[in-house]
Amino acid sequence: MTSWAALLFLPFVVPIALWAVWSDLSRMKIPNKAVMALIIVFAVVGLVAFELQDYLWRWVHLAVVLVIGFVMNLGRMLGAGDAKFAAAMAPLVALPDAFLVLTILAVMTVAGFVLHRVARSIGWVRAATPDWESWTRRDYPMGLSLGTTLIIYIALAALTGG
């Protein structure tokens, strides 16, 4: 992704990604409205940010990741909301950047898991967020890793040009 395209997306993507993170931490659900908001941002901003052929091919990214996510959800490897949010993220990722994004996701998953488990064992953190469902669930709120991955990728692209 070019710096210019990333700068166009950044002010829209960051609040949506943070919404997904917050919702998954607090309710263990990524709202369909967050998924749709991200798709709408790509649909509108993408028309300005990308050449038409690139824009159209990026919709294939969404379909491919949605199918992969659906299969992973069937195998109970991730939640349906995670699969949908990952699919909505996919058009924002340039194909040559796929390995970079998967690397960021891997790092954010390990770091997020460790930080989440440490945070939920700290009394004042639990007291500040007493109703967060993720504190009592065994499964991990993957929206934390997905959202932070998207923010880091778009921010890196804005700073470096992809």
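Not measured: the values here are computed from a predicted model. (Residues numbered from 1 in each chain as written. Predicted model: local features only at pLDDT ≥ 70, side-chain atom pairs only at ≥ 80, totals over all residues. Heavy atoms only, no water.)

A.B. asks: When you look at the packing of aromatic side chains in this model, what are you seeing that I'm missing?
C.D. replies: Counted under the stated rule, the structure contains nine aromatic pairs. An angle of 40 degrees between the planes, with centres 6.1 Å apart, marks the rings of Phe 42 and Phe 50 as tilted. The class for Phe 42 is buried, based on a relative accessible area of 0%. In this structure an aromatic cluster arises from ring pairing among Phe 9, Phe 42, Phe 50, Tyr 55 and Trp 59. Lying across the ring of Phe 50, Arg 58 places its NZ or CZ 3.9 Å from the centre. (Phe/Tyr/Trp six-rings, centres within 6.5 Å; stacked < 30°, edge-to-face > 60°. Buried < 20%, exposed > 50% of the residue type's maximum accessible area, 1.4 Å probe, protein only. Lys NZ or Arg CZ within 6 Å of the ring centre and 35° of its normal.)

A.B. asks: Please explain the environment of Leu 100 as it appears in this structure.
C.D. replies: Structurally, Leu 100 is set in helix H5 (residues 98–119). Residue Leu 100 is classed as partly exposed on the basis of its relative accessible area, which comes to 33%. Residues Leu 100 and Asn 32, spaced 68 residues apart in sequence, show a C-alpha to C-alpha distance of 26 Å. (Helix = DSSP H or I, 4+ residues; strand = E, 2+ residues; numbered from the N terminus.)

A.B. asks: Looking at this structure, I do not really get the packing of helix H4 (residues 80–89) against helix H7 (residues 143–160). What am I missing?
C.D. replies: In the contact formed by H4 and H7, the axes pass within 10 Å of each other and the chain directions differ by 10 degrees. With respect to each other, H4 and H7 are oriented roughly parallel. Counting all contacts with H4, which are made through Asp 82, Phe 85, Ala 86 and Met 89, the residues of H7 involved are Gly 143, Leu 146, Gly 147, Thr 149 and Leu 150. Residue composition of the contact of H4 with H7, by class: five nonpolar, three polar and one charged. (Axes fitted to C-alpha atoms, helices over the stretch in contact; angles between N-to-C directions. Parallel < 35°, antiparallel > 145°, perpendicular 65-115°, else oblique. Contact = heavy atoms within 4.5 Å. Nonpolar A, V, L, I, M, F, W, Y, C, P; charged D, E, K, R; others polar.)

A.B. asks: Whenever I open this one, the packing of H5 against H7 confuses me. Can you help?
C.D. replies: The angle between the axes and the distance between the axes are what describe a pair of packed helices. Two elements in contact, H5 and H7, have axes whose closest approach is 8 Å; the angle formed by their N-to-C orientations is 135 degrees. On the basis of their axis angle, the class for H5 and H7 is oblique. As for how H5 packs across H7, the hand of that crossing is right-handed. Facing H5, whose interface residues are Leu 100, Val 101, Ile 104, Leu 105, Met 108, Thr 109, Gly 112 and His 116, H7 presents Leu 144, Ser 145, Leu 146, Thr 148, Thr 149, Ile 152, Tyr 153 and Leu 156. Residue composition of the contact of H5 with H7, by class: ten nonpolar, six polar and no charged. (Left-handed = near helix turned anticlockwise from the far one by under 90°.)

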